[in-house]
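# Inside the fold
Residue-level listing of the chains:
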Amino acid sequence: MTDRAIPTATQRKAPGNSLADLGLIALFCLIWSSAFAAAKFALPDCPPLLLLASRFLAAGAILLGLAALAGRLEWPDRRVIWSWAVLGALNSALYLGLSYAGMRTVSSAFTAVLISANPLLTALVASPVLGERLSPLKLGGLLLGMIGVAIVLRSRLAGGAEDWHGTLLVLGGLVALVAGTILFKKLKPDGDLWTGTAIQSLSAGILLLPVALATESIADIRLTPALIGGWSYLVIAASIGGYLLWFRLLQTKTATEASTLHFLMPPLGLAFGWLLFREPVSLVDCLGIVPIAIGIAMVTRG
């Protein structure tokens, strides 16, 4: 099965494909949730928009090079290019631009918690826009997941550990991610997935670069080991590996099912924040994980 092929329902239920899906899901969740921690490493030594613009341009160039070496570089028509460019503006430039700006005043764990509200918002929009059926079981799972997120969110905000201005910026990034998820299913851009992801990254970098140069100073960049390591991880693992996995999952699952994986971001984000930065994790935070886990099982069942 190639990247551009969309599996049938029978293919999705095959045991081999199910096992492969589980591996892809696990890898995606680890990469997606750890990216916020990697950004937290790099941000003290580089302004957020310059970090993102350079990350996207580098990832796009590498993806195009890999596609060419693999003999799968096929330049799509104008409609498909514009589709990927719009997805780049929403999924990368706006989503991460606002999130990174917010992370200057809120923790990486809290950012992951906020972004995990994506499944409920996506499901609510996907039902009328994409015609995706929202069964009582799935709706119950989504509500349980949101209850878990709310528990963690209230715990973090009530303790005064997070800034409201940064919170609003991250929420803006969340709205952009939901719009990008819905548009991917609506536009259904065809062609090679590697080439399409490269176009998305390059368009995001081109959009962010002039804004970054106008609002931030290159003199503020310090080439420290933390910046080099964090930037490299963001380029290779997150922008290349993470987005390829995300779009592949969107090809084989509904928008609601794929976005439900973001409910895993709070526990994973809290774990990475605690392990790498010793960001505090309370007992209430841990209790919020329980309804999240049950909710994911309900939404993805069958």
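So, how was this worked out
Residue numbers run consecutively from 1 along every chain, following the written order of its sequence. Selection of residues for local features in this predicted model requires a pLDDT of at least 70, selection of side-chain atom pairs for listing and counting requires 80 or more, and totals for whole chains, interfaces and linings are taken over all residues. Working from all heavy atoms in the structure, the side-chain values ignore hydrogens and water. When a carboxyl oxygen of Asp or Glu is within 4 Å of a side-chain nitrogen of Lys or Arg, the pair counts as a salt bridge. Labels follow the DSSP assignment, with helices taken as runs of H or I lasting at least four residues and strands as runs of E lasting at least two, numbered in each case from the N terminus. The classification of residues rests on relative accessible area computed with a 1.4 Å probe and restricted to protein chains. Under 20% of the type maximum is buried, over 50% is exposed, and intermediate values are partly exposed. In this analysis, two residues are considered to be in contact whenever any of their non-hydrogen atoms come within 4.5 Å of each other. Definition of a polar contact: a pair of N or O atoms within 3.5 Å, with one able to donate and the other able to accept a hydrogen when the atoms are protein atoms, and with sequence-neighbouring residues admitted only if both atoms are side-chain atoms. A residue counts toward a patch only above 30% relative accessible area and without a salt bridge, and it is joined to like-charged neighbours within 9 Å or, for Val, Leu, Ile, Met, Phe, Trp and Tyr, to nonpolar neighbours within 5 Å. All accessibility values rest on the Shrake-Rupley procedure with a 1.4 Å probe; residue burial counts only the protein chains present in the view.

### Focus on the pattern of salt bridges
Counted under the stated rule, the structure contains 1 salt bridge. Ionic pairing is found between Asp45 and Arg222, a salt bridge with its closest N-O pair at 2.6 Å. Linking Asp45 in the loop between helix H2 (15-42) and helix H3 (48-69) with Arg222 in the loop between helix H9 (193-215) and helix H10 (225-252), this pair joins segments that are 177 residues apart in sequence.

### Overview of the environment of Tyr233
Its place among the elements puts Tyr233 in helix H10. For Tyr233, a relative accessible area of 32% corresponds to the partly exposed category. In this structure the C-alpha to C-alpha distance between Tyr233 and Ala39, which are 194 residues apart in sequence, comes to 8.9 Å. If sequence neighbours within four positions are ignored, Tyr233 has contacts with Leu30, Ile31, Ser34, Ala35, Ala38 and Ala238. At 2.5 Å, the side chain of Tyr233 and the side chain of Ser34 are in polar contact.

### Focus: the environment of Tyr95
Here Tyr95 is to be found in helix H4 (residues 78-102). What makes Tyr95 buried here is its relative accessible area of 1%. The sequence separation of Tyr95 and Val178 amounts to 83 residues, and the corresponding C-alpha distance is 9.1 Å. Those residues within four positions of Tyr95 in sequence are excluded, and the remaining contacts are Trp32, Phe36, Leu90, Ile115, Gly173, Ala176, Leu177 and Tyr243.

### Overview of a nonpolar patch on the surface
Taken together, the side chains of Ile62, Leu66, Leu69 and Ile236 define a hydrophobic patch exposed on the protein surface, amounting to about 380 Å² of accessible area. Residue contributions to the nonpolar patch peak at 3 residues, all from H3. Position of Ile236 relative to the elements: it lies in helix H10.

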